[in-house]
Amino acid sequence: LLKLSFCFASVQMNRTLTLAGMGGFSGASIRSMDLSDSTRDTVVAHSQVVISNPSVVRVKPLGSLALNVSYQGSVIGNFASDGWIPGLERGENVLAVSGNLVPESDAPSASRLIS
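Residues numbered from 1 in each chain as written. Predicted model: local features only at pLDDT ≥ 70, side-chain atom pairs only at ≥ 80, totals over all residues. Heavy atoms only, no water.

K.L.:
Looking at this structure, I do not really get the sheet that holds strand β4 (residues 74-81). What am I missing?
P.N.:
Within a beta sheet, neighbouring strands are joined by backbone hydrogen bonds and run either parallel or antiparallel to one another. Across the sheet, which stays open at both edges, the five strands sit in the order β1-β2-β5-β4-β3 with antiparallel pairing between neighbours. Across the chains shown, the open sheet's two edge strands, defined by having one partner strand only, are β1 (29-34) and β3 (66-71). Averaged over all pairs of adjacent strands, the angle between their axes in this sheet comes to 35°, without regard to strand direction. Sheet analysis places β1 next to strand β2 (residues 43-53), joined by five bridges and oriented antiparallel. Directly across from Ser 32, in β2, lies its bridge partner Gln 48. (Pairing = 2+ DSSP bridges. Helix = DSSP H or I, 4+ residues; strand = E, 2+ residues; numbered from the N terminus. Axes fitted to C-alpha atoms, helices over the stretch in contact; angles between N-to-C directions.)

Okay, structure coming up:
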């Protein structure tokens, strides 16, 4: 078995990863949600989400993260990470995310989530 390693200090990489081993983050949950920046017309959410990494692989760096927010099978908004995520360790990871909830896409589901 031959292992090769290369280091390129000035080469930037842009990559998109599909992490099927994590089940599409299907076990992610919202730990907290702050809606205090919402306006009359827009529901703005700042949240902490818990993402579990059940695999034996650590992902470093993860970079920025975009997530759909769904409740009872309906997408009711989109979140993005609040900056660069240094990595996903094995086990539970708590990440800060923000975004807009769009209750009109499924008003009954959004109402149940928020109440």
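Now that the structure has been shown, the text picks up again.
K.L.:
Could you clarify how one ought to interpret the pattern of salt bridges in this entry?
P.N.:
Two side chains bearing opposite charge may form a pair once their charged atoms approach each other closely. The full count for this structure, using the stated rule, is one salt bridge. Glu 89 is the partner of Lys 60 in a salt bridge, and the nearest nitrogen-oxygen pair spans 2.8 Å. Pair noted here: Lys 60 is in the loop between β2 and β3 and Glu 89 is in the loop between β4 and β5 (91-101), with a separation of 29 residues, a long-range link. (Salt bridge = Lys/Arg side-chain N within 4 Å of Asp/Glu carboxyl O.)

K.L.:
Hey, could you run me through the pairing of β5 in this one?
P.N.:
Side-chain positions along a regular strand alternate between the two faces of the sheet. In terms of strand pairing, β2 meets β5 through 11 bridges, oriented antiparallel. Bridging across to β5, Ile 51 finds its partner in Asn 93. In this structure, β4 lies alongside β5, joined through five bridges in antiparallel fashion. If you follow Gly 77 over to β5, its bridge partner there is Leu 101.

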